Amino acid sequence: AQRIAGDANHLIHYAETTDVSAAVIAVITGPMQGIAMRKRGGFYFIRPVESPTWQKLCDELAKYSFFGLSCPMAGDDRSRHMAQHNVRGAFEADLAELRKQLGEVDEKTRDSTIERRLDECTALVSKAELYEEILGGWLDTLRADAKAVKERFRARLDGEEDVFSLPKVEDEPIAAE
């Protein structure tokens, strides 16, 4: 947090406020594995385990006149449901994008591109597992759906599946429990 705040101090003197905001967002969505609560960002959910780190960062940035950086979630059912809905929606959107990319695979698709998609499937599940407490049983559905998408990419990469026979994958959300 101190290193980031030091970098922010440097940015304050040599960059725009938007640059500092971008750096903070990079920390939230990077090492802290935060989830955007809105499509356009600006409001992020971080796991409770990251709260001490976030508080340190906020305290350091407050020294440079950055205030109001957090809004703790109330511990009631409504707040939990809102967080669950938004976190789940973010993972559904990521998986839908992978399905779309699977449907776009053709004979011109490079193996390295497919390998990146395999890595993205693995990373998606790994990140979702960090949110197991919020996602609950739906995490099993996500794992199964991500595995199915990953297997289709793997089959294409291994030459087991003719790219012309790949059905177009609809951009549909994962079925609810």
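Everything discussed here concerns the structure shown above.
Residues numbered from 1 in each chain as written. Predicted model: local features only at pLDDT ≥ 70, side-chain atom pairs only at ≥ 80, totals over all residues. Heavy atoms only, no water.

Engineer: Would you take a moment to explain the environment of Arg117 for this structure?
Structural biologist: Mapped onto the secondary structure, Arg117 falls in helix α5 (residues 111-130). For the pair Arg117 and Arg154, spaced 37 residues apart in the sequence, the C-alpha separation amounts to 9.4 Å. Sequence-distant contacts of Arg117, defined by excluding residues within four places in its chain, comprise Leu98, Gln101 and Phe153. Here Glu120 takes part through its side chain, which lies 3.1 Å from a polar atom of the side chain of Arg117. (Helix = DSSP H or I, 4+ residues; strand = E, 2+ residues; numbered from the N terminus. Contact = heavy atoms within 4.5 Å. Polar contact = N/O pair within 3.5 Å; in protein donor to acceptor, adjacent residues only side chain to side chain.)

Engineer: Help me understand the layout of surface pockets, please; the structure alone is not making it clear to me.
Structural biologist: In this approach, a probe sized like a water molecule rolls over the atoms, and the result shows the empty space that is left. When its volume is computed, the second largest pocket comes out at roughly 300 Å³. The dominant element in the lining of the second largest pocket, judged by the number of residues it contributes, is helix α4 (residues 77-103), at six residues. Per-class residue counts for the lining of the second largest pocket are five nonpolar, five polar and four charged. (1 Å grid on protein atoms, 1.4 Å probe; cavity = no way out; pocket = protein on both sides within 12 Å on 5 of 7 lines; lining within 4 Å. Points joined across faces, edges and corners; volume = space filled by probe spheres on them. Nonpolar A, V, L, I, M, F, W, Y, C, P; charged D, E, K, R; others polar.)

Engineer: Just to check I follow, could you spell out the environment of Asp111 for this structure?
Structural biologist: Looking at where Asp111 falls in the secondary structure, it is placed in helix α5. Taking the C-alpha atoms as reference points, Asp111 and Arg156, separated by 45 residues in sequence, lie 8.8 Å from one another. Those residues in contact with Asp111 that sit more than four places away from it in its chain are Arg156 and Leu157.

Engineer: Can you walk me through the pattern of salt bridges in this structure?
Structural biologist: Opposite charge on two side chains permits them to pair, given that their charged atoms come into close proximity. Applying the stated criterion across every chain, the model contains nine salt bridges. Its salt-bridge partner being Glu60, residue Lys63 comes within 3.1 Å of it at the nearest N-O pair. One salt bridge in this structure joins Arg88 and Glu92, with 3.4 Å as the shortest N-O distance. Of this pair, Arg88 and Glu92 both sit in helix α4, four residues apart, roughly one helical turn. Ionic contacts of the salt-bridge type, sharing partners, join the residues Glu129, Asp140 and Arg143 into one network. (Salt bridge = Lys/Arg side-chain N within 4 Å of Asp/Glu carboxyl O.)

Engineer: Mind showing me how you'd approach helix α7 (residues 138-157) here?
Structural biologist: Every α-helix carries 3.6 residues per turn, so stepping three or four residues along brings you back to the same face. An ideal rise of 1.5 Å per residue puts 28 Å on 20 residues; α7 measures up with 29 Å between its terminal C-alpha atoms. Three or more residues of α7 are buried, namely Trp138, Leu139, Leu142, Ala146, Val149, Phe153, Ala155, Arg156 and Leu157. Tucked inside the fold, the buried residues of α7 contact α4, α5 and α6 (132-135). Backbone geometry just after α7 places Gly159 at a positive phi near 75°. (Expected span 1.5 Å × (residues − 1). Buried < 20%, exposed > 50% of the residue type's maximum accessible area, 1.4 Å probe, protein only.)

Engineer: Can you walk me through the packing of aromatic side chains in this structure?
Structural biologist: Each aromatic ring pair is described using two quantities: the centre-to-centre distance and the angle formed by the ring planes. Counting across every chain of the model gives two aromatic pairs. With centroids separated by 6.0 Å and ring planes inclined at 45°, the aromatic side chains of Phe45 and Tyr131 adopt a geometry described as tilted. Taken together, the residues Phe45 in strand β2 (residues 44-45) and Tyr131 in the loop between α5 and α6 connect sequence positions 86 residues apart. Here Phe45 and Tyr131 have matching classes, each one buried. Members of the aromatic cluster, each reached through a chain of ring pairs, are Phe45, Phe91 and Tyr131. (Phe/Tyr/Trp six-rings, centres within 6.5 Å; stacked < 30°, edge-to-face > 60°.)

Shape is all these values report; function is a separate question.
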